[in-house]
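Examining the three-dimensional arrangement
The lines below spell out each chain.
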Amino acid sequence: MENQRTKQVVIAGGGITGLSAAYYIEQFCRVNDVAAELIIVEKNDRFGGHVHTGKRDGFVIERGPDSFLARKTSIIELMQELGMGEELVGTRPGVSHSYIAYRNKLHPIPDGFMLGVPTKWKPFVTTRLLSLRGKVRAAADLVLPRRSSREDESLGQLLRRRLGDEVLEQIAEPLLAGIYAGNADGLSVQATFPMLQETEQKHRSLIVGMLGVRKSRAPKQTVKPTAQTTTESTSQPTTISATRPALKPASKPSGTATRSMFLSARGGLEGVVTQLEQTLSSTAHLIRNTEISRVSKAEQEQGKDTIRYTVQFNNGTTLAADAVVIATPAYAAADMLAHEHEAIAEHLRAIPYASVMNVVLAYREQDVGVSLNASGFVVPRKEERKITACTWTSSKWEHTAPKGHILLRAYVGKYGRDPMSHQLTDEEIIAEVRRELQDTMGISAEPVFTEINRLPLSMPQYQVGHLKRIAEVEKLLEDVMPGVYVGGGGYRGIGVPDCISQGKAMAEKVIGTLLGTR
């Protein structure tokens, strides 16, 4: 019987999306009594992708993402299933605000701003980030009519139309577009912050709508909004399969984790990757330093309806697969699928990516001489600095630096801006970052150590019409390559929880394919 044959599933990409997909595929296969062989193929010598933690002299250094929103529970559930609930930690108590670097000074982000929209009048009126003219223009949102069209538009277009140029350029863009290392005038509002468009359609005024949201959340809110609390979910809801396996005994998060808006892992987020590797190592084949060059339909056996695929590696060897998960950047997926269907590849190649880097600087506390009592600062594009943001890591996360020391992480790079930065040497980049930190924070001390992490083509840009493009890719795959699925940061959310949710959603589709129910 066809259903009794051991099925083969190939997963291209060993980042957090691919590993999560593999984990849930294995769980679903076990519950549904499906015999399947999982092969996870990673082109680099380590799994985890951008989730990468370094440890040095008592410092915990995140070289990629350093945290996630607590309300995005997919990663919390996964960590608890993996027995890592006690690793969950919240931000340091009392660190509840951030700054915007404007004209060589750090200005507190006005209290009450939600998704770049003011909801408290006194902080809005008194902030020095906006001129009187800019404040009057923003207040016009209260009387302007709503947009008649419900079509997608850019984040910048919506905010300029409702609140004016100053609010967008000096407050909203560094907070919102900075999350994507993008330009607000190019980012799709439906793919990044759909709540803004939904608020305008429902309430007409963004201020009125967000004021209602703030009041409804007030009794539950224990942490004030900061520079990073404005992220809205960009992932689509995942349907929980009826075949979902029972959770493993859950370990509970720490007390601070139950009260914090942002969470991380005490030993670093790479611990999740390590635990997934260990869990999968007994049931799946984990292949490193190997790249997939092509995924194509295999010749169909006479009298059989099942479509199988041939997965070809760069070294010329091949594997047969009943289902394929492609959890790589969109441009890499395009190369794998171009031979089979060029239209799919063209859609995927049309998703641009920005190259960014982060610069880590460690100091002795006694050498810094300034109070670091916030989570950091962001920089408006118009300031024309190399640094786009700086997280005061050790102020935000207690576990990241030994006593008496400070850890900072500065971000460099943004889509469409200063491409020459990536041609500079590490020494030149570090010197420029240190100069800008002296300008903004007054830090002139010599660091204990520095580290630079370059992340080429790492930040997908969700441009206007992005969700329609992804829907078209998924429809084409379903029509011409059923059993092949794509997911990851380039599709429906860039955060770690978003990628885990996509991995789980693809696992549900894979089990449907293996069972013949899709």
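Please read these numbers as outputs of a predicted model, since none were measured by experiment. (Residues numbered from 1 in each chain as written. Predicted model: local features only at pLDDT ≥ 70, side-chain atom pairs only at ≥ 80, totals over all residues. Heavy atoms only, no water.)

**Looking at the sheet that holds strand 10 (residues 284-287)**
Taken together, the 5 strands give an open sheet; going across it, the order is 10-2-1-14-20, and neighbouring strands pair in parallel fashion. The open sheet has two free edges, formed respectively by strand 10 and strand 20 (484-486), since each of these has just one partner strand. Taking each pair of neighbouring strands and ignoring which way they run, the sheet shows an average axis angle of 15°. As judged from the 6 bridges shared by strand 1 (residues 7-12) and strand 2 (residues 36-41), these two strands associate in the parallel manner. If you follow A12 over to strand 2, its bridge partner there is V41. (Pairing = 2+ DSSP bridges. Helix = DSSP H or I, 4+ residues; strand = E, 2+ residues; numbered from the N terminus. Axes fitted to C-alpha atoms, helices over the stretch in contact; angles between N-to-C directions.)

**Here's the deal with the nonpolar core**
Considering soluble globular proteins, one finds that nonpolar side chains tend to be buried as a cluster. In terms of nonpolar packing, the biggest core is built from 45 residues, with I16 and I25 touching the most fellow members. Taken together, the elements giving at least two residues each to this core come down to strand 1, helix 1 (16-31), strand 2, helix 2 (74-81), strand 9 (262-265), helix 10 (270-280), strand 14 (323-326) and helix 17 (496-515). Per element, the largest residue contribution to this core is 9 residues, and it comes from helix 1. If we skip the residues at most four places from it in the chain, I16 touches G48, V51, V272, V273, L276, V496, C499 and I500. If you look at the next biggest cluster of nonpolar residues, it comprises 37 residues, including Y102, L159, F193 and M210. (Core = buried A, V, L, I, M, F, W, Y, C linked by side-chain atoms within 4.5 Å. Buried < 20%, exposed > 50% of the residue type's maximum accessible area, 1.4 Å probe, protein only. Contact = heavy atoms within 4.5 Å.)

**A few points about the pattern of salt bridges**
Two side chains that carry opposite charge are able to pair once their charged atoms sit near each other. Inspection of every chain in the model, using the stated rule, returns 32 salt bridges. Among the ionic pairs, E26 bridges to R30, the shortest N-O distance being 3.9 Å. Here E26 and its partner R30 are both found in helix 1, 4 residues apart, which amounts to about one turn of the helix. Measuring nitrogen to oxygen at the nearest pair gives 2.8 Å for the salt bridge that ties E451 to R63. Taken as a pair, E451 in strand 19 (residues 449-460) and R63 in the loop between strand 4 (59-62) and strand 5 (68-69) lie far apart in primary sequence, 388 residues in all. (Salt bridge = Lys/Arg side-chain N within 4 Å of Asp/Glu carboxyl O.)

**Re the confidence of the model for the protein chain**
Confidence in the prediction of the protein chain, expressed as mean pLDDT, is 90, and 89% of residues score 70 or more. pLDDT under 50 marks residues 219-249. Its contacts with residues more than four places away, or in other chains, come to 81 contacts. (pLDDT = per-residue confidence, 0-100.)

**Observations concerning the packing of helix 5 (residues 155-163) against helix 8 (residues 194-203)**
Packing of helix 5 against helix 8 brings their axes to within 10 Å, and their N-to-C directions diverge by 40°. By the angle class used here, helix 5 and helix 8 are oblique. In the crossing of helix 5 with helix 8, the sense of the turn from one axis to the other is left-handed. On helix 8, the residues touching L155, L158, L159, R161 and R162 of helix 5 are L196, Q197 and E200. (Parallel < 35°, antiparallel > 145°, perpendicular 65-115°, else oblique. Left-handed = near helix turned anticlockwise from the far one by under 90°.)

**Concerning the packing of aromatic side chains**
Taken as a whole and judged by the stated rule, the model has 10 aromatic pairs. Summarising the aromatic geometry, the rings of Y180 and F193 are spaced 6.0 Å apart at their centres and angled 85° between planes, so their arrangement reads as edge-to-face. In this pair, Y180 sits in the loop between helix 6 (165-176) and helix 7 (189-192) while F193 sits in the loop between helix 7 and helix 8, placing the two residues 13 residues apart along the sequence. The class for Y180 is buried, based on a relative accessible area of 1%. Considering the side-chain rings of F377 and W392, the 6.4 Å spacing of their centres and the 70° angle between planes classify their relative orientation as edge-to-face. Residue F377 is located in strand 16 (residues 376-378), and its partner W392 is located in the loop between strand 17 (387-391) and helix 14 (393-396); the two are separated by 15 residues in the primary sequence. For the pair shown, F377 and W392 are each scored as buried. The structure contains a cluster of three or more aromatic residues connected by ring pairs, namely Y23, Y24 and F28. For the cation-ring pair, R56 lies above F449, with the distance from its terminal atom to the ring centre recorded as 4.0 Å. (Phe/Tyr/Trp six-rings, centres within 6.5 Å; stacked < 30°, edge-to-face > 60°. Lys NZ or Arg CZ within 6 Å of the ring centre and 35° of its normal.)

**Some remarks on unusual backbone geometry**
Its identity as a non-glycine residue notwithstanding, D33 has a phi of 55°, on the positive side. Mapping D33 onto the fold places it in the loop between helix 1 and strand 2. If you check the backbone angles, A181 has positive phi at about 50° while not being a glycine. Structurally, A181 can be placed in the loop between helix 6 and helix 7.

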